[in-house]
There are 2 protein chains.
Amino acid sequence: MRKVASGFSPMIAVDRKATKPLHKQIYDAFRAMIVGRSLDSGQQVPSTRALAAELRISRIPVLTAYAQLLAEGYFEARVGAGTFICSSLPEQMTSSARRATSTAQVRSGSRPVARRTMLLPPYETFPWVRGFGAFSVSHPAFDQFPFKVWSSIVMRHCRSPQPTALQYGGPMGIEPLREAICTYLRTARAVHCDPNQIMIVTGSQQALEISARVLLDVGSPVWVEEPGYWLTRHVLTAAGCRLIPVKVDTEGMDVAAGIKLCRKARAVYVAPSHQYPLGATMSASRRLQLLDWVQSSGSWIIEDDYDSEYRYGSMPIASLQGLDNHSRVIYIGTFSKTLFPSLRLGYMVIPPDLVDRFAAVRHAADIGPPYFYQAVVTDFINDGHFGRHIRRMRLLYGQRRTALVECLRKEFGSTLDVLGAEAGMHLAVTLPPGFRDQELATRAAREKLWLWPLSPCYLGETSRQGFILGFGSTKETEIPNAVRQLKGLLMGRTVGLKMSI
Amino acid sequence: MRKVASGFSPMIAVDRKATKPLHKQIYDAFRAMIVGRSLDSGQQVPSTRALAAELRISRIPVLTAYAQLLAEGYFEARVGAGTFICSSLPEQMTSSARRATSTAQVRSGSRPVARRTMLLPPYETFPWVRGFGAFSVSHPAFDQFPFKVWSSIVMRHCRSPQPTALQYGGPMGIEPLREAICTYLRTARAVHCDPNQIMIVTGSQQALEISARVLLDVGSPVWVEEPGYWLTRHVLTAAGCRLIPVKVDTEGMDVAAGIKLCRKARAVYVAPSHQYPLGATMSASRRLQLLDWVQSSGSWIIEDDYDSEYRYGSMPIASLQGLDNHSRVIYIGTFSKTLFPSLRLGYMVIPPDLVDRFAAVRHAADIGPPYFYQAVVTDFINDGHFGRHIRRMRLLYGQRRTALVECLRKEFGSTLDVLGAEAGMHLAVTLPPGFRDQELATRAAREKLWLWPLSPCYLGETSRQGFILGFGSTKETEIPNAVRQLKGLLMGRTVGLKMSI
């Protein structure tokens with residue numbers, strides 16, 4: 001039996017001066033709420049004693065009303081448990097009322113909504129994002145997360161919380177976590193920062209959203225990577241900005257092309273460590289070129305460093321923020337890839353002169369982050385578990401990535417281009433002409449193969465067809481089969497086409 | 001000793017082809033990071049073995065570099081623990097570098113920010129919101145929260161989480177919690193709803209923010225209560241709306257006055273169950289008048305039902321949403337008062353035709369709520385703890401409120417007007433002429449008496465002076481002393497004034 005939320009006092013008003021007797025008032029109120037579906041089948045009702053106390057009346061009329069409701073089958077008594085709304089109410093009784101309710105909720109007249117909101121595409125769940133299994137994108141290796149350690153920290157904080165831990169906090173997040181993140185970013189990402197520049201957010205998405213609020217006006221031109229991350233575009237679109245797609249090559253965003261397209265952009269969104277989706281790492285010369293441009297044009301850089309912790313082939317490269325001498329970079333990082341996404345915890349490093357503006361905007365948006373997991377993550381970092389987990393995962397993901405690249409080479413030779421495998425938890429493959437990635441991804445999802453199509457990442461019309469393949473949660477032993485499955489899918493598609501895969 | 005986050009791999013790049021020997025490269029890199037304060041005193045560095053593996057070089061040059069850094073006092077070895085950045089580095093070494101860093105972070109050139117953001121007042125912490133103690137506003141009785149039960153639910157969910165519990169969720173929140181809230185709202189608040197109309201948010205503030213996004217354009221006129229809740233105004237101001245302050249009397253917002261001021265407002269923000277700060281409950285006739293107006297003018301109602309669970313003197317009154325036959329109400333509720341504020345969990349009920357728009361806007365804003373506490377609260381509700389906790393607190397707060405009202409009468413007679421004590425966790429008192437509430441509140445905070453001044457709640461120029469007194473976390477036994485303390489404060493102020501308190 002489905003568990004039904006219970007134990008609330010139903011909203012019943014009795015009038016002691018009315019001519020209708022009290023027991024009849026109570027009976028009618030319950031009956032109306034049951035027929036009108038305000039009360040669910042199987043839901044517990046208060047005891048007669050509790051309801052009488054609540055209504056400030058004697059228990060007698062309540063007993064009378066309950067007896068009648070039981071007799072007529074609206075209520076049922078369960079021995080030792082209490083009184084419940086009958087779990088087998090006739091369907092027609094409640095469904096007719098349901099129809100009545102929907103008709104009653106007439107939606108007539110003018111219903112104006114915000115114009116800018118209408119620019120935003122509807123929220124959709126595409127078939128390829130639903131599943132857990134081979135090639136799922138942005139899934140870390142959940143089974144490798146040290147939940148034992150995590151639980152013990154959770155428990156430590158849960159036992160006897162202080163009032164300060166339960167009350168509203170500030171918009172920047174708790175101090176100890178900001179200090180821990182500051183140390184981490186200085187050490188491992190060469191970010192120039194102080195704890196008071198760090199804001200704890202609910203993830204990269206909120207960081208981007210707050211940045212857009214503070215920095216961008218309606219109509220502000222903003223460079224975005226082409227192809228690029230679709231959710232970034234949603235934020236910028238909803239902010240009313242003018243998106244300037246700037247093409248990405250093996251050195252990352254083509255800064256010269258951006259300058260040619262729009263020299264006076266207000267800001268640029270860029271993921272220099274591991275561009276999404278093509279995976280390029282921005283070269284040092286492009287980085288300096290970008291920093292020069294923003295300083296001369298009075299623009300801002302929003303640097304999304306979403307999975308730079310996992311870097312395989314080459315030496316780590318300092319963040320753009322760390323190279324910037326003019327405080328023009330808003331640096332964004334997240335725990336979604338290093339811990340897990342449902343935590344909804346990330347951070348941003350704000351230029352010192354903008355901290356107050358960011359704090360005001362964030363406070364108005366949602367007051368501040370929840371306390372509890374901030375405290376847990378602080379201990380997880382300070383006790384050394386975070387550094388250890390990253391090192392372990394870098395090794396593991398490195399192996400999975402090597403296995404995947406080798407398998408792709410073996411099965412496809414040079415037919416598929418493999419891109420962006422130097423870092424992160426995903427790589428990209430591009431398809432030869434004649435393939436439609438979205439169609440194939442939809443088909444693959446039916447076979448429980450989770451391919452994210454490349455073409456929706458393009459704003460412009462000339463898009464490449466291909467897939468983003470996640471390997472964070474794809475075990476090394478699963479990879480050969482999954483790659484063969486991918487091959488089968490592509491072979492099936494090529495019937496009638498002269499392709500040699 | 002302060003705990004320092006540790007165990008991250010420092011960002012060191014070595015070049016095997018360079019003429020500078022490897023050990024010198026490593027020594028220089030560490031020295032630069034220490035002097036430049038990228039590495040903190042007391043922070044652990046990786047073992048020589050781990051660093052050599054990371055850099056893909058032999059261990060010899062790493063050992064040589066470490067030996068030199070130890071000899072020169074940059075590193076210190078702690079037996080059995082590892083190697084650390086020396087915890088007693090000379091101050092001038094790092095402070096001179098600090099100055100160098102700040103000068104390097106030149107903030108020159110044009111630094112444009114969003115125009116609308118500049119309308120938002122800076123985030124400030126006023127002296128009276130800081131403390132825990134008598135009259136703290138919006139503090140529930142933290143010591144009465146059933147943490148034992150809560151911890152056991154937390155533990156149950158923490159032990160072996162499923163991948164679905166760790167992955168990104170949808171923008172509406174998890175289904176079981178939406179079902180539980182739906183049952184609660186139908187039963188206890190007479191809200192007309194279906195689980196698919198319910199969105200889980202991080203609190204009333206986010207609900208309001210998302211509503212503003214979806215419903216309001218720049219320049220949209222919006223009725224707000226005068227006096228009213230200041231954070232509401234921040235959201236509407238940041239959204240670029242035109243605020244129309246509509247006066248509040250003992251029957252709640254004066255709808256006729258609103259129509260006179262601005263018949264064509266796009267929306268109205270209202271807290272009909274317990275208006276903030278004056279505490280009026282909107283009368284039935286005003287409710288119907290408001291619903292009539294929104295239907296005829298094509299406007300929206302944003303109903304903030306922030307603490308209606310606690311209602312003392314009179315019978316519960318159905319929510320505005322429950323009276324509305326045209327789906328023109330966005331209903332907002334929160335767990336900040338019924339559970340605790342740092343949870344950051346609330347909910348809203350969205351008109352069916354707007355659910356998709358709200359989902360799209362929320363997804364772009366922060367993807368969705370964190371998973372974990374949604375699951376915990378679901379169980380807390382479904383196991384009956386929520387209903388029980390509310391009933392216990394209603395009784396407790398009712399006693400505290402009666403004690404406070406009686407004490408105020410006893411000490412002040414009719415000199416102070418007591419308003420809005422029929423519901424919630426706070427009441428308001430207004431001061432006779434000649435008193436300045438903000439000045440007094442600042443002084444009171446020094447004596448650990450937490451009075452929220454009334455005057456900042458007014459948008460217009462004619463504001464009443466007074467205080468909002470919270471009694472949620474003020475024990476009955478503390479009340480007499482706290483009221484006498486308040487009297488002392490006011491007496492002190494009246495020296496030289498002919499007042500008879």
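Structure first, text after, so check above.
None of these values were measured; they are calculated from a predicted model.

Here is what the cut-offs are and how they apply
- Residues numbered from 1 in each chain as written.
- Chains lettered and ligands numbered in written order.
- Predicted model: local features only at pLDDT ≥ 70, side-chain atom pairs only at ≥ 80, totals over all residues.
- Heavy atoms only, no water.
- Helix = DSSP H or I, 4+ residues; strand = E, 2+ residues; numbered from the N terminus.
- Contact = heavy atoms within 4.5 Å.
- Areas by Shrake-Rupley, 256 points an atom, 1.4 Å probe, with all protein chains shown as cover.
- Lys, Arg positive; Asp, Glu negative; His and termini not counted.
- Charge placed at Lys NZ, Arg CZ, Asp CG, Glu CD.
- Least-squares fit on C-alpha atoms with pLDDT ≥ 70 in both.
- Buried area = accessible area lost by both parts, 1.4 Å probe.
- Salt bridge = Lys/Arg side-chain N within 4 Å of Asp/Glu carboxyl O.
- Polar contact = N/O pair within 3.5 Å; in protein donor to acceptor, adjacent residues only side chain to side chain.
- Expected span 1.5 Å × (residues − 1).
- Buried < 20%, exposed > 50% of the residue type's maximum accessible area, 1.4 Å probe, protein only.
- Phe/Tyr/Trp six-rings, centres within 6.5 Å; stacked < 30°, edge-to-face > 60°.
- Lys NZ or Arg CZ within 6 Å of the ring centre and 35° of its normal.
- Pairing = 2+ DSSP bridges.
- Core = buried A, V, L, I, M, F, W, Y, C linked by side-chain atoms within 4.5 Å.
- Axes fitted to C-alpha atoms, helices over the stretch in contact; angles between N-to-C directions.
- Left-handed = near helix turned anticlockwise from the far one by under 90°.
- Nonpolar A, V, L, I, M, F, W, Y, C, P; charged D, E, K, R; others polar.
- Parallel < 35°, antiparallel > 145°, perpendicular 65-115°, else oblique.

Peer 1: So what exactly am I meant to see when it comes to the overall build of chain A here?
Peer 2: Within chain A, the secondary structure is distributed over 17 helices and 14 strands. In terms of overall dimensions, chain A has C-alpha extents of about 85 × 60 × 55 Å along its principal axes. Taking as baseline every contact in chain A between residues at least 6 positions apart, the subset at least 24 positions apart corresponds to 71%. Accessible area of chain A: about 19200 Å², with a carbon and sulfur share of 54%. Averaging the positions of the 59 positive and the 41 negative side-chain charges in chain A gives two centres separated by 6 Å.

Peer 1: So what exactly am I meant to see when it comes to the relation of the copies chain B and chain A here?
Peer 2: Each of the two chain copies can be brought onto the other by rotation about an axis and movement along it. The two copies are related by a screw operation: chain B maps onto chain A through 180 degrees of rotation and 0.0 Å of translation along the axis, at an RMSD of 0.0 Å. Both chain copies can therefore be described as sitting about a two-fold axis. Minimal C-alpha separation from the rotation axis in chain B is found for M155 of chain B, amounting to 3.5 Å. A shared interface surface links the copies, since 100% of the contact residues of chain B are contact residues in chain A too.

Peer 1: I tried to follow the interface of chain B and chain A on my own but got confused; where do I start?
Peer 2: Often, the extent of an interface is quoted as the loss of accessible area upon association of its parts. In this complex, chain B contributes 137 residues to the contact, which on the side of chain A involves 138 residues. Both sides together, the interface formed by chain B and chain A hides about 11500 Å², and carbon and sulfur atoms give 55% of it. Taken together, the links from chain B to chain A amount to 10 salt bridges. As a salt-bridge pair, R111 of chain A and D353 of chain B come within 2.6 Å of each other at their nearest N and O atoms.

Peer 1: Which parts of the structure should I look at to understand the side chain of H389 of chain B?
Peer 2: Residue and element names in this part refer to chain B. Residue placement: H389 occurs in helix 15 (residues 385-412). Within the local environment of H389, its side chain forms a polar contact with the backbone oxygen of T338, the two atoms lying 3.4 Å apart. When near neighbours in sequence (up to four residues on either side) are disregarded, H389 contacts Q144, F145, P146 and T338.

Peer 1: How should helix 13 (residues 355-366) of chain B be read in this particular structure?
Peer 2: What sets the pattern is the α-helix's 3.6 residues per turn: residues three or four places apart point alike. Between its first and last C-alpha atoms helix 13 of chain B spans 17 Å; for 12 residues at 1.5 Å apiece the expected length is 16 Å, and the two agree. Counting buried residues in helix 13 of chain B gives 11 out of 12 residues, a clear majority hidden from the surface. Turning to helix 13 of chain B, its buried residues number three or more, namely V355, R357, F358, A359, A360, V361, R362, H363, A364, A365 and D366 of chain B. Packed against the buried residues of helix 13 of chain B are helix 8 (204-215) and helix 9 (230-238) of chain A together with strand 3 (198-201), helix 8 (204-215), strand 9 (329-334) and strand 10 (346-349) of chain B. I367 of chain B sits one or two positions beyond helix 13 of chain B and adopts a positive phi of about 70 degrees.

Peer 1: Mind showing me how you'd approach the pattern of salt bridges here?
Peer 2: It is possible for side chains bearing opposite charge to pair when their charged atoms get close. In total, this model carries 46 salt bridges over all chains according to the counting rule given. A salt bridge links D143 of chain A to K475 of chain A; its shortest N-O distance comes to 3.6 Å. Of this pair, D143 of chain A sits in the loop between helix 4 (91-104) and helix 5 (147-158) while K475 of chain A sits in the loop between strand 14 (466-470) and helix 17 (479-494); the two residues are 332 residues apart in sequence, bridging distant segments of the chain. Classification of K475 of chain A by relative accessible area gives partly exposed; the value is 37%. We note a salt bridge from D383 of chain B to R156 of chain B, for which the minimum N-O separation is 3.6 Å. With D383 of chain B in the loop between helix 14 (372-382) and helix 15 and R156 of chain B in helix 5 (residues 147-158), this residue pair connects regions lying 227 residues apart in the sequence. Several salt bridges share partner residues, and in doing so they unite E209 and R213 of chain A together with E209 and R213 of chain B into one network.

Peer 1: I'm lost on the packing of aromatic side chains in this one. Help?
Peer 2: Note on aromatic pairs: each is described by the distance of the centres and the angle between the planes. What the rule picks out here adds up to 48 aromatic pairs over all chains. Arranged with centres 5.4 Å apart and planes meeting at 80 degrees, the rings of Y229 of chain A and Y276 of chain A form a pair that is edge-to-face. Separated by 47 residues along the polypeptide, Y229 of chain A in the loop between strand 4 (221-226) and helix 9 and Y276 of chain A in the loop between strand 7 (267-270) and helix 11 (284-297) bring together distant segments of the chain. A residue is classified by how much of its surface remains accessible, and Y276 of chain A, at 8% relative accessible area, is buried. Sitting over the face of the ring of W300 of chain B, R328 of chain B holds its NZ or CZ atom 5.5 Å from the ring centroid.

Peer 1: How should I be thinking about the pairing of strand 2 (residues 82-85) of chain A in this particular structure?
Peer 2: A regular strand places its side chains on the two faces of the sheet in alternate fashion. Pairing between strand 1 (residues 75-78) of chain A and strand 2 of chain A: 4 bridges, direction antiparallel. Residue pairing for strand 2 of chain A: F75 of chain A is matched across the bridge by I85 of chain A.

Peer 1: Would you mind going over the environment of S211 of chain B with me for this structure?
Peer 2: Residues and elements named next belong to chain B. For S211, the location among the structural elements is in helix 8. By relative accessible area, S211 is classed as buried at 0%. As for S211 and W300, which are separated by 89 residues in sequence, their C-alpha atoms are 10.0 Å apart. If we skip the residues at most four places from it in the chain, S211 touches L216, I302, I330, I332, M348 and F358.

Peer 1: Any chance you could explain the nonpolar core here in plain terms?
Peer 2: Nonpolar side chains in soluble globular proteins tend to be buried together. Counting 171 residues, the largest nonpolar core has W150 of chain A together with W150 of chain B as the members making the most contacts within it. If sequence neighbours within four positions are ignored, W150 of chain A has contacts with F145, L339, F340, L343, Y373, V376, V377 and F380 of chain A together with C158 of chain B. Core analysis: the next-biggest nonpolar cluster, separate from the first, contains 35 residues, A239, A360 and A364 of chain A together with L120 of chain B among them.

Peer 1: Where do I start with the packing of helix 8 of chain A against helix 13 (residues 355-366) of chain A in this structure?
Peer 2: In helix packing, the relevant descriptors are the interaxial angle and the interaxial distance, both defined with respect to the helix axes. Residue and element names in this part refer to chain A. Closest axis-to-axis distance for the helix 8/helix 13 pair is 10 Å, and the angle between their directions is 115 degrees. The element helix 8 and its partner helix 13 pack so that their crossing is right-handed. Residue-level inspection shows Q206, I210, S211, R213 and V214 of helix 8 in contact with helix 13, the latter providing R357, F358, V361, R362 and D366. Considering only residue class, the contact of helix 8 with helix 13 consists of 4 nonpolar, 2 polar and 4 charged.

Peer 1: I'm lost on the sheet that holds strand 10 of chain B in this one. Help?
Peer 2: Two pairing modes exist for strands in a sheet, parallel and antiparallel, and in both the strands are linked by backbone hydrogen bonds. Residues and elements named next belong to chain B. Strands sit in the order 3-10-9-8-7-4-5-6 across an open sheet of 8 strands; the sheet is mixed. Each edge of the open sheet carries a strand with a single partner, namely strand 3 and strand 6 (252-253). The sheet contact formed by strand 4 (residues 221-226) and strand 7 (residues 267-270) spans 2 bridges and is parallel. Bridge pairing in strand 7 links W223 to V268.

Peer 1: When you look at unusual backbone geometry in this model, what are you seeing that I'm missing?
Peer 2: Trans peptide bonds make up the majority, and among non-glycine residues the majority have a negative phi. A cis amide bond links Y276 of chain A with the next residue in sequence, P277 of chain A, at an omega value of 5 degrees. Inspection of the secondary structure puts P277 of chain A in the loop between strand 7 and helix 11. With omega at 0 degrees, the peptide bond leading from E226 of chain B into P227 of chain B counts as cis. Relative to the helices and strands, P227 of chain B resides in the loop between strand 4 and helix 9 (230-238).

Peer 1: Just to check I follow, could you spell out the packing of helix 8 of chain A against helix 9 of chain A for this structure?
Peer 2: Residue and element names in this part refer to chain A. As a packed pair, helix 8 and helix 9 sit with axes 9 Å apart at the nearest point and diverge in direction by 30 degrees. In this view, helix 8 runs roughly parallel relative to helix 9, as classed from their interaxial angle. Handedness of the crossing formed by helix 8 with helix 9: right-handed. In contact with Q205, L208, E209 and A212 of helix 8, helix 9 contributes L231, T232, V235 and L236. Of the residues contributing to the contact of helix 8 with helix 9, the split by class is 5 nonpolar, 2 polar and 1 charged.

Peer 1: Looking at this structure, I do not really get the sheet that holds strand 9 (residues 329-334) of chain A. What am I missing?
Peer 2: Residue and element names in this part refer to chain A. One open sheet holds the 8 strands; their spatial order is 3-10-9-8-7-4-5-6, and the pairing between them is mixed. Because the sheet does not close on itself, it has two edges, and the strands there are strand 3 (198-201) and strand 6 (252-253). Relative to strand 9, strand 8 (residues 300-304) is paired through 4 bridges, and the arrangement is parallel. For I301, the partnering residue across the bridge sits in strand 9 and is V329. Across the sheet, helix 7 (residues 175-189) touches strand 3, strand 9 and strand 10 (346-349), and the angle it forms with strand 3 is around 110 degrees. Most of the contacts of helix 9 go to strand 4, to which it runs at about 165 degrees, and overall it touches strand 4, strand 5 (242-249) and strand 7.

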